[in-house]
Amino acid sequence: RVMNHSLENIRAEFPVLAQNIKNAKPFAFLDSTATTQKPMTVIQVMHDFYTKHYSSVKRGVYQSSEKTTQAFEKARKEIASFINATSENEIVFTSGTTASINLVAWSYGRKFLQPGDEILISALEHHANIVPWQLIAEEKGALLRVIPVDDQANLVLEKIPELLTEKTKIVAITHISNVTGTVNPIKEIIQTVRNFSKNAKILIDAAQSIAHQKIDVQELDCDFLAFSGHKMYGPTGIGVLFGKYELLESMPPLFGGGEMIKSVSFEKTTFAAPPARFEAGTPPIAEVIGLGEAVKWLKEIGLDNIHRKESGILEYAISQFSEIPEIHILGNPKERGALLSITLEGIHAHDAAMILDEENIAVRSGHHCAEPVMKRFNIPATLRFSFGVYSEKWEIDRALIALKRVIRLFK
C-alpha cells in the first residue's frame, strides 16, 4: 500500500482523470460537489472483493465469508473513528445521505412527533433535507419552520432563537450548501439550539462537508449526521447515518427482513440492537468495503491538506471569474466551501454547460435539487464549479477560456 501521497501528483491516482482525453484536451472535472472521482485504491479493494473473496457477510462459517465479514465490519470501525463516534455501533449503513435523512424522519419522526410539533430547517437545504420532513410533518400534523438566508447567502442566525419553541422536536441543517457553498457555523448553531430548546434533536446533513473538513460528532454534539460515500471518493449506493446510540436504541426499524431481528415467530418479532436493526437484508458489501478504503485514503492525505489545496483553487477561481463583467458569482458567504455557483448575463446555464462539455470540461447546471434557494435569489439555474483534492488551476484556466467563448457566442 502506497502511503506517500503527493498533493501535486494526486491526480495520477484517479484513472478517469488520467485517461479521459477528447480532441487532445484533457478532462477538466469540475463537478465534485455532485460526485467525486475514485482513486485506484478504492477501485482495487472492490475488485479484490469480487475476484478473491466474494461471499455474503455474517452468515457463513467458511473462510471467504469470514474474510468478507471482517472487511465489512472493519470499514464500520474506520468510519466511526473518522468522525469520532463513541462506538462503531453508532454507524448505520444506508444507500446515501437521502436514505439516512429519511431513516430519521420515518423512524424517529414517526415515533416521537406529535400534532403541533415543529421541525426547523434552513433556507439553504437540498431537497433531501426538505421533502422527508414535509412528508412526515404532513403525516403527523407537525409544522415545518425555516431559518431565512440573507442576500449574501448567510443564514440569519439571530432568527434561530425566535424560531425555536418548546414544540421544536427536530432541527435539520446542512453543513455546507450545495448551491452557494455557504459553510454554516454548525457548532454555533448546535449550541444555540441546545441553549434555547431542551427537546430538539439535531441532524446535520454533511454530504458536502465530509470530504472537505474534519468532523467530530462528539465535539459538535449533534444527534444525527448523514453523508454519502460517493461524495468522499468512495462508491455510489452507500451512505452513513451516525446516531447517538441511545437515540438509535429508541427508534423502530424502518425495514423488516433478515439480519435486523433478534428472534422471529409468527406471533411476535423482536429486533436486533442498533445498527443491525436498521440494516435489513443483504448489505451493499463491495460498497461498504470501498467506502472503508476511501476513508483510510482520506485519513492518509489529511483533511487539513485537502482543505488547504481546495481553498487555493477556490480563491484562484473567484479571482479569475471576478474579472469578467458578464459573470456573476452567487452569494458572498462569510465562509465558502469548495464550490462556486455563477450566472451569466442573458445566457442560460444549460447552454453554457453544453459548450463547456465540447471543450471536455464537466460542470453542473440547473437548480441542483435546491429549488427554494433558486427562488430566494430569483434565478432559474446556476452554472456550478466544484472542486476536489485532484482539482488543478489549469482546469480553471480552461473553464475561463470556454466561458469567454460562451459569452462571445451569445452576444
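Please read these numbers as outputs of a predicted model, since none were measured by experiment. (Residues numbered from 1 in each chain as written. Predicted model: local features only at pLDDT ≥ 70, side-chain atom pairs only at ≥ 80, totals over all residues. Heavy atoms only, no water.)

Draft legend 1. Quick peek at unusual backbone geometry. Here the residue pair Pro274 and Pro275 is connected by a cis peptide bond, since its omega of 5° sits within 30 degrees of zero. Following the sequence through the fold, Pro275 ends up in the loop between strand E12 (269–271) and helix H10 (285–301). Phi is positive for Asn84, close to 60°, though the residue is something other than glycine. One can find Asn84 in the loop between helix H3 (63–82) and strand E4 (91–94). For Asn378, which is not a glycine, the phi torsion comes out positive at approximately 55°. Locating Asn378 in the fold gives a position in the loop between helix H13 (371–376) and strand E17 (382–386). For Asn378, a relative accessible area of 69% gives the class exposed. (Helix = DSSP H or I, 4+ residues; strand = E, 2+ residues; numbered from the N terminus. Buried < 20%, exposed > 50% of the residue type's maximum accessible area, 1.4 Å probe, protein only.)

Draft legend 2. Layout of helix H12 (residues 349–358). Every buried residue of H12 is accounted for by Ala349, Ala352, Ala353, Ile355 and Leu356. Buried residues of H12, viewed axially, fall in a sector of 165°; they line one side. As for H12, its buried residues are in contact with strand E14 (339–344), strand E15 (361–362), strand E16 (364–366), E17 and helix H14 (393–410). Of the residues trailing H12, Asn360 is marked for its positive phi of about 65°. (Arc of directions from axis to C-beta. Contact = heavy atoms within 4.5 Å.)

Draft legend 3. Fine view of the sheet that holds E16. The antiparallel open sheet is built from four strands, whose spatial order is E13-E14-E17-E16. Unpaired on one side and paired on the other, strand E13 (327–329) and E16 mark the two borders of the sheet. Going across the sheet, the axis of each strand differs from the next one's by a mean of 30°, ignoring polarity. Set on the sheet, helix H11 (residues 303–321) makes contact with E13, E14 and E17; between it and E14 the angle comes to about 15°. The strands touched by H14 within the sheet are E13, E14 and E17, with E14 carrying the most contacts at an inclination of about 15°. (Pairing = 2+ DSSP bridges. Axes fitted to C-alpha atoms, helices over the stretch in contact; angles between N-to-C directions.)

Draft legend 4. Looking closely at the sheet that holds strand E7 (residues 168–174). If you walk across this open sheet you meet the seven strands as E4-E10-E9-E8-E7-E5-E6, and the pairing is mixed. The open sheet has two free edges, formed respectively by E4 and strand E6 (143–147), since each of these has just one partner strand. Each adjacent strand pair in this sheet contributes to an overall mean axis angle of 20°, direction not counted. Pairing of E7 with strand E8 (residues 201–205), which is carried by five bridges, proceeds in the parallel orientation. Bridge pairing in E8 places Thr174 opposite Asp205.

Draft legend 5. Layout of the pattern of salt bridges. Under the defined criterion, the tally for this structure stands at 22 salt bridges. A salt bridge links Glu395 to Arg11; its shortest N-O distance comes to 3.2 Å. A residue pair is termed long-range when its members are at least 10 positions apart, and Glu395 in helix H14 and Arg11 in the segment before helix H1 (15–19) qualify at 384 residues. A residue is classified by how much of its surface remains accessible, and Arg11, at 12% relative accessible area, is buried. Of the charged contacts in the structure, one is a salt bridge between Glu73 and Arg76, with a shortest N-O distance of 2.8 Å. In this pair, Glu73 and Arg76 are both assigned in helix H3, three residues apart and thus about one turn of the helix distant. Taken together, the shared-partner salt bridges connect Lys25, Glu358, Glu359 and Arg405 into one network. (Salt bridge = Lys/Arg side-chain N within 4 Å of Asp/Glu carboxyl O.)

Draft legend 6. Main features of empty space enclosed by the protein. Counted under the stated rule, the structure contains two cavities of 30 Å³ or more. Estimates place the volume of the largest cavity at around 90 Å³. Here the lining of the largest cavity is composed, by residue class, of four nonpolar, five polar and three charged. Val57, Lys58, Phe72, Glu259, Ala276, Glu279, Gly281 and Pro283 together form the lining of the second largest cavity. Residues belonging to the lining of the second largest cavity are distributed by class as follows: four nonpolar, one polar and three charged. (1 Å grid on protein atoms, 1.4 Å probe; cavity = no way out; pocket = protein on both sides within 12 Å on 5 of 7 lines; lining within 4 Å. Points joined across faces, edges and corners; volume = space filled by probe spheres on them. Nonpolar A, V, L, I, M, F, W, Y, C, P; charged D, E, K, R; others polar.)

Draft legend 7. Region of interest: the packing of aromatic side chains. Overall, the coordinates contain 14 aromatic pairs when judged by the stated rule. Between Tyr108 and Phe112, the ring centres sit 4.6 Å apart and the planes meet at 35°, which makes this aromatic pair tilted. One end of the pair, Tyr108, and the other, Phe112, are both in helix H4 (residues 97–112), four residues apart, so they sit about a helical turn from each other. Residue class for Tyr108 comes out buried when judged on its relative accessible area of 8%. By relative accessible area, Phe112 is classed as partly exposed at 30%. Each residue in the set Phe14, Phe27, Phe29, Tyr233, Trp297 and Tyr390 is aromatic and connected to the rest through ring pairs, giving one cluster. Taking NZ or CZ as reference, Lys214 lies 5.3 Å from the ring centre of Phe82, over its face. (Phe/Tyr/Trp six-rings, centres within 6.5 Å; stacked < 30°, edge-to-face > 60°. Lys NZ or Arg CZ within 6 Å of the ring centre and 35° of its normal.)

Any link to function would need more than the numbers given here.
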